[in-house]
Amino acid sequence: MATSFPFSPSLSLNTLSRNTLFFTKTIPFSRSSFLPRSLSKSLISISTRRCTFTVRAQSQNGADAVAPHYDFDLFTIGAGSGGVRAARFAANNGASVAICELPFSTVSSETTGGVGGTCVIRGCVPKKLLVYASKFAHEFEESNGFGWRYGSEPKHDWSSLIANKNAELQRLTGIYKNILNNAGVKLIEGHGKIIDSHTVDVNGKQYSAKHILVAVGGRPFIPDIPGKEYAIDSDIALDLPSKPGKIAIVGGGYIALEFAGIFNGLQSEVHVFIRQKKVLRGFDEEIRDFITEQMSLRGIEFHNEESPQAITKSADGTFSLKTNKGTVDGFSHIMFATGRRPNTKNLGLETAGVKLAKDGAIEVDEYSQTSVPSIWAVGDVTNRINLTPVALMEGGALVKTLFQDNPTKPDYRAVPSAVFSQPPIGQVGLTEEQAVQQYGDIDIFTANFRPLKATLSGLPDRAFMKLLVSAKTNQVVGLHMCGEGAPEIIQGFAIAIKAGLTKAEFDATVGIHPSAAEEFVTMRTPTRKIRKSQSSEGKSGSDVKAAAGV
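By the naming in an unreviewed UniProt entry, the chain is Glutathione reductase, taken from Phaseolus vulgaris. Checking UniProt for the chain, the heading Function (unreviewed entry) contains the comment "Catalyzes the reduction of glutathione disulfide (GSSG) to reduced glutathione (GSH)."

This is the structure:
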């Protein structure tokens, strides 16, 4: 932990030797402070904020000694969201900063990366651009009910989409480089490897730093099954030379559902294979059921409780996916969206003494400090909450801790998130299961309705919204939505959840009509109530137990 702590004079004086140096220095007394090991006499005065050391000493060889000199105050490995945020903010606070990153590529590897990291180059940004592209097919269909007629069926040019997407990524990478340059951060291209607690090697050249920050993110993971060399991951899926004709997507998380919506919207045949009974493990149960229903209505085929066992290639170039339940043939592409793993290989972390978790994530304390006091880590490489805005928060908090004399923990309360599926999902706060476990007595408000737009489009689109309220305090502790505009709506309501507003304050808020968002401030009667006694209004005892995770 990097916070200041009381200084013990007896502890320090007992460690002094007779051969000492002459110097006077004021040092912030914290775990990350540097203290000479060989001291004999000292006069110590303690201020309210920091310990001031006035030390008379002489070195063993009689020469004057000085504090260690470093090339940089902060050296950051990885120029993704968290790394760039920390580097830029540190430089703005007067620190000398360097950051290293691999050469640009739309597909990551041991030798390629790019300034901007996963989010900008092969994650949030390009994915959302492809989501926009894929939604037009649904919008064309919706428009018929509003009187629009087309002389011919609209056609999509995949190559134009990918070329335009890649041009935008290059533009954004350039902006990130300019941001670093304008802040005075030295950008070094190459693979960074930690040599010791204060040294980083980049392509054979070594740099010293008072603090080292690891922010290298994660990379897609494909399980080791026969034929895995035929599979693609999310990096490659964003940069394919041609649009899939028929694609198998293995995985039930948000990446799998987002790509299922993309390729379905672009009129590929899409099959989703999940090992569990439902998609989106960890999300609210009703949201999980609702999104599966809505995506199925759009033509996506779900294969539940099917684990991949092997991939084979046919003579005609198509692929077959064998699972525990059988084999499905004729795929042009088989994509794995089975999770990401921290990108900690070949960084020299173990040699430097940095502790890693079993999954390869860097273990850190509440202030993002590793087991080595001068080495820190933020973002997906720590496997805490793997979201870009969270990495930005962690990077900002680190700068306050190191360079503003203000030890700051990242605040993980009420972090909102979204799934850019079709329809999209937004959520903030607790799921129903978590709320029951934490609060016991919960009032649940839900709305499942046909949006105004669907009344003329004639399509079976629906929206689902849910509020979870603590019966004892009336505080809204969870808010969930699946439907058009959900991420934008939830971002606004996340402020209310973070602030701890009550259901009464929601009720007192005037809605915007006609909008879907107004439903969140017009729900008056609970759909059901759950109490510790397991009795419920509007629910059987077995249903209540299921909702509570019993």
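A. Main features of the sheet that holds strand 11 (residues 246-250). Strand order in the open sheet formed by 4 strands is 13-12-11-17, with parallel pairing between adjacent strands. Every interior strand has two partners, whereas the edge strands, strand 13 (301-303) and strand 17 (333-336), have only one. In this sheet, neighbouring strand axes are inclined to one another by 20 degrees on average, regardless of whether the strands run parallel or antiparallel. Where strand 12 (residues 269-273) meets strand 13, 3 bridges bridge the pair, whose relative direction is parallel. Bridge pairing in strand 13 links Val272 to Phe302. Across the sheet, helix 7 (residues 254-265) lies against strand 11, strand 12, strand 13 and strand 17, angled at about 170 degrees from strand 11, the strand it touches most.

B. Here's a closer look at the UniProt feature "active site" (unreviewed entry) in the chain. As annotated in UniProt, the feature "active site" (unreviewed entry) corresponds to His513 in the numbering used here. Within the fold, His513 resides in the loop between helix 14 (503-507) and strand 25 (528-530). By relative accessible area, His513 is classed as exposed at 66%.

C. Here's a closer look at helix 13 (residues 486-499). When the terminal C-alpha atoms of helix 13 are compared, their 20 Å separation across 14 residues agrees well with the 20 Å that a helix rising 1.5 Å per residue should span. The largest bend in helix 13 is about 30 degrees, located at Gly492. Among the residues of helix 13, Ala486, Pro487, Ile489, Ile490, Phe493, Ala494, Ala496 and Ile497 are the ones counted as buried. On its buried side, helix 13 packs onto strand 20 (417-419), strand 21 (425-429), strand 24 (476-482) and helix 14. A positive phi of about 75 degrees marks Gly500, the residue just after helix 13.

D. Representation of the nonpolar core. With 38 residues, the main nonpolar core has Ile249, Phe259, Phe263 and Met335 as its most contacted residues. Secondary structure elements with two or more residues in this core: helix 4 (124-143), helix 5 (158-183), strand 11, helix 7, strand 12 and helix 8 (285-297). Top element by residues in this core is helix 7. It accounts for 7 residues. Setting aside residues no more than four positions away along its own chain, Ile249 makes contact with Ala256, Phe259, Ala260, Phe263, Val270, His271, Val272, Phe273 and Met335.

E. Inspection of the side chain of Asp201 at higher detail. Along the chain, Asp201 falls in strand 8 (residues 199-202). One buried charge, Asp201, has no salt-bridge partner; the nearest side chain with opposite charge is Lys193, at 7.8 Å. Within the structure, Asp201 has its side chain in polar contact with the backbone nitrogen of Gly204 (distance 3.0 Å). Sequence-distant contacts of Asp201, defined by excluding residues within four places in its chain, comprise His191, Gly192, Lys193, Ile195 and Gln206.

F. Examining the packing of helix 2 (residues 81-92) against helix 5 more closely. Packing of helix 2 against helix 5 brings their axes to within 9 Å, and their N-to-C directions diverge by 25 degrees. One element, helix 2, and the other, helix 5, form an angle in the roughly parallel class. Like other packed secondary-structure pairs, helix 2 and helix 5 cross with a definite hand, here left-handed. Contacts between helix 2 and helix 5 involve Val84, Ala87, Arg88, Ala91 and Asn92 from the former and Tyr176, Ile179, Leu180 and Ala183 from the latter. Residues belonging to the contact of helix 2 with helix 5 are distributed by class as follows: 7 nonpolar, 1 polar and 1 charged.

G. A look at the pattern of salt bridges. One pass over the structure, following the stated rule, counts 23 salt bridges. With a shortest N-O distance of 3.0 Å, Asp411 and Lys498 are connected by a salt bridge. Placement of Asp411 in the loop between helix 10 (388-403) and strand 20 and of Lys498 in helix 13 is noted, with a sequence separation of 87 residues between them. Overall, Lys498 belongs to the partly exposed group, its relative accessible area being 32%. Of the charged contacts in the structure, one is a salt bridge between Asp507 and Arg524, with a shortest N-O distance of 3.2 Å. Of this pair, Asp507 sits in helix 14 while Arg524 sits in the loop between helix 14 and strand 25, placing them 17 residues apart in sequence. With a relative accessible area of 27%, Asp507 lands in the partly exposed category. The exposure class of Arg524 is partly exposed, given its relative accessible area of 49%. One salt-bridge network, in which partners are shared between bridges, spans Asp284, Glu286, Glu432, Lys466 and Arg528.

The rules behind each value
- Think of each chain on its own: its residues are numbered from 1, step by step along the sequence as written.
- Per-residue local features are limited, in this predicted model, to residues with pLDDT of at least 70; the limit for side-chain atom pairs, both in listing and counting, is 80 or more; totals at the level of whole chains, interfaces and linings are taken over all residues.
- Excluding hydrogens and water, the side-chain figures rest on all heavy atoms present in the structure.
- UniProt positions are given in the numbering used here, feature names are shortened, and annotations may be inferred rather than shown by experiment.
- Any two strands with at least two DSSP-identified bridges between them are counted as paired.
- By definition, any uninterrupted DSSP run of H or I lasting at least four residues is a helix, any uninterrupted run of E lasting at least two residues is a strand, and each is numbered from the N terminus.
- Every axis corresponds to a line fitted to the C-alpha atoms, with the helix fit spanning only the stretch in contact, and the corresponding angles, defined between N-to-C directions, vary from 0 to 180 degrees.
- Here, residues are in contact when the closest pair of their heavy atoms is within 4.5 Å.
- Think of it in three bands: with a 1.4 Å probe and only protein chains considered, a residue is buried below 20% of the maximum accessible area for its type, exposed above 50%, and partly exposed in between.
- How far a helix is expected to stretch is found by multiplying one less than its residue total by 1.5 Å.
- One fitted axis covers the seven residues ending at a residue, a second covers the seven starting there, and the bend at that residue is the angle between these axes.
- Only buried residues count toward a nonpolar core. Its members are Ala, Val, Leu, Ile, Met, Phe, Trp, Tyr and Cys residues joined through side-chain atoms within 4.5 Å.
- For the purpose of counting charges, residues Lys and Arg are taken to be positive, whereas Asp and Glu are taken to be negative. His and the chain ends are not included.
- Any carboxyl oxygen of Asp or Glu that lies within 4 Å of a side-chain nitrogen of Lys or Arg is treated as forming a salt bridge with it.
- Counted as a polar contact is a pair of N or O atoms within 3.5 Å, where, for protein atoms, one must be capable of donating a hydrogen and the other of accepting one, and residues adjacent in sequence contribute only when both atoms are in side chains.
- Here is the rule for angles: anything less than 35 degrees is roughly parallel, anything more than 145 is roughly antiparallel, 65 through 115 is roughly perpendicular, and the remaining ranges are oblique.
- Should the near helix be turned anticlockwise from the far one by less than a right angle, the crossing is left-handed, and should it be turned clockwise, the crossing is right-handed.
- Nonpolar residues are Ala, Val, Leu, Ile, Met, Phe, Trp, Tyr, Cys and Pro. Charged residues are Asp, Glu, Lys and Arg, and all others, Gly as well, are polar.

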